[in-house]
Amino acid sequence: MEVRCHHCGHAFPVEGDVFGDREKAAVTCPACKHNQEVINPKLATLRVDRTLKKVPQILSQTTPDGRLLLIPQDREFSLKVLEGEEQGTVYPVNKPRFLIGRTNADAAINDTLVSRLHCALEISADGVVLQDLESTNGTLVDGKPIRSAPLSDGATFRIGSHVFQLVVTPKPA
């Protein structure tokens, strides 16, 4: 197997018998001579928890076409994943134009059927609108493709193999 050094980034081969029957083994990088611990892939699975960072809420914002968006002071918005690989994940909607897609989005979804920037939730005084961002596979509301559709609390929509539910709750006093 090949290992990449944590210190210098050099990739080097490691023989499988370095582990024996152990879950971990110490190896030395031939380039920088630093020691590091390597996990035996036959005995252990490396699991990395997601890093969740607190992001400040943006209360108002302007859309690319000049419309004013704002999050009402008395409500909180979130998206819950009901189906798909990320089932059970809840994304707090912390700004009035919330992008959903595979990369460079506020909710980054690991799904090959989802476009890089697939759709956007836009929150204004008039309510919540779901906008498809000219995605390849489309955005579905009630099983029908949309370009733009209003959403209310509890409404669901599908992108790729994922189904999302909009959750609107009163803000705690």
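These notes cover the structure that comes with them. (Residues numbered from 1 in each chain as written. Predicted model: local features only at pLDDT ≥ 70, side-chain atom pairs only at ≥ 80, totals over all residues. Heavy atoms only, no water.)

## Side note on the overall build of the protein
Going by this rule: Numbered from the N terminus, helices here are DSSP runs of H or I no shorter than four residues, and strands are runs of E no shorter than two. The reference for a compact globule is 2.2 Å times residues^0.38; the radius of gyration itself is calculated from the C-alpha atoms. Contact definition: two residues touch when any of their heavy atoms are within 4.5 Å. Accessible areas in this description were obtained via Shrake-Rupley with a 1.4 Å probe; residue shielding takes into account the shown protein chains only. We treat Lys and Arg as the positive residues and Asp and Glu as the negative residues; His and chain ends play no part in the count. Charged groups are reduced to one reference atom each: NZ for lysine, CZ for arginine, CG for aspartic acid, CD for glutamic acid.
Secondary structure assignment for the protein yields zero helices and 17 strands. Computed over the C-alpha atoms, the radius of gyration of the protein is 22 Å, more than 25% above the 16 Å expected from 2.2 N^0.38 for a compact globule of 173 residues. Along the longest, intermediate and shortest principal axes, the C-alpha atoms of the protein span 65 × 35 × 30 Å. Residue pairs at least 24 apart in sequence account for 39% of intrachain contacts in the protein once pairs closer than 6 positions are excluded. Element-wise, carbon and sulfur atoms account for 50% of the exposed surface of the protein, whose accessible area totals about 11000 Å². Placing the 20 positive and 21 negative side-chain charges of the protein at their respective mean positions leaves the two points 3 Å apart.

## Concerning the sheet that holds strand E10 (residues 107-108)
Going by this rule: Whether two strands pair comes down to DSSP finding at least two bridges between them.
Strand order in the open sheet formed by five strands is E10-E9-E11-E12-E15, with mixed pairing between adjacent strands. Strand pairing shows two members of the sheet lacking a second neighbour, E10 and strand E15 (148-151), which therefore form its edges. Direction of pairing for strand E9 (residues 97-101) relative to strand E11 (residues 119-124): antiparallel, over a ladder of four bridges. The residue of E11 that forms the bridge with Arg97 is Glu122.

## Considering the nonpolar core
Selection rule: Among buried residues, the Ala, Val, Leu, Ile, Met, Phe, Trp, Tyr and Cys ones that are joined through side-chain atoms within 4.5 Å form a nonpolar core. Using a 1.4 Å probe on the protein chains alone, a residue whose accessible area is under 20% of its type maximum counts as buried, one over 50% counts as exposed, and one in between counts as partly exposed.
In terms of nonpolar packing, the biggest core is built from 26 residues, with Leu79, Ile100, Leu121, Leu151, Phe157 and Phe164 touching the most fellow members. For this core, the secondary-structure elements that each account for two or more residues are strand E7 (75-83), strand E8 (90-93), E9, E11, strand E12 (127-132), E15, strand E16 (156-159) and strand E17 (162-170). Grouped together as the second largest cluster of nonpolar side chains are nine residues, Val14, Phe19, Ala25 and Val38 included.

## Digging into the pattern of salt bridges
Heads up, the rule is: Whenever a carboxyl oxygen of Asp or Glu lies within 4 Å of a side-chain nitrogen of Lys or Arg, that contact is scored as a salt bridge.
Summed over the entire model, instances satisfying the criterion amount to seven salt bridges. Of the charged contacts in the structure, one is a salt bridge between Asp106 and Lys95, with a shortest N-O distance of 3.0 Å. Note that Asp106 is positioned in the loop between E9 and E10 and Lys95 in the loop between E8 and E9, a separation of 11 residues in sequence. With relative accessibility at 30%, the residue Asp106 sits in the partly exposed group. By relative accessible area, Lys95 is classed as buried at 18%. In this structure, Glu122 engages Arg97 in a salt bridge whose closest nitrogen and oxygen atoms are separated by 2.9 Å. Of this pair, Glu122 sits in strand E11 while Arg97 sits in strand E9, and the two are 25 residues apart along the sequence. Classification of Glu122 as buried rests on a relative accessible area of 4%. Three or more residues are tied together by salt bridges with common partners; here these are Asp65, Arg67, Arg97 and Glu122.

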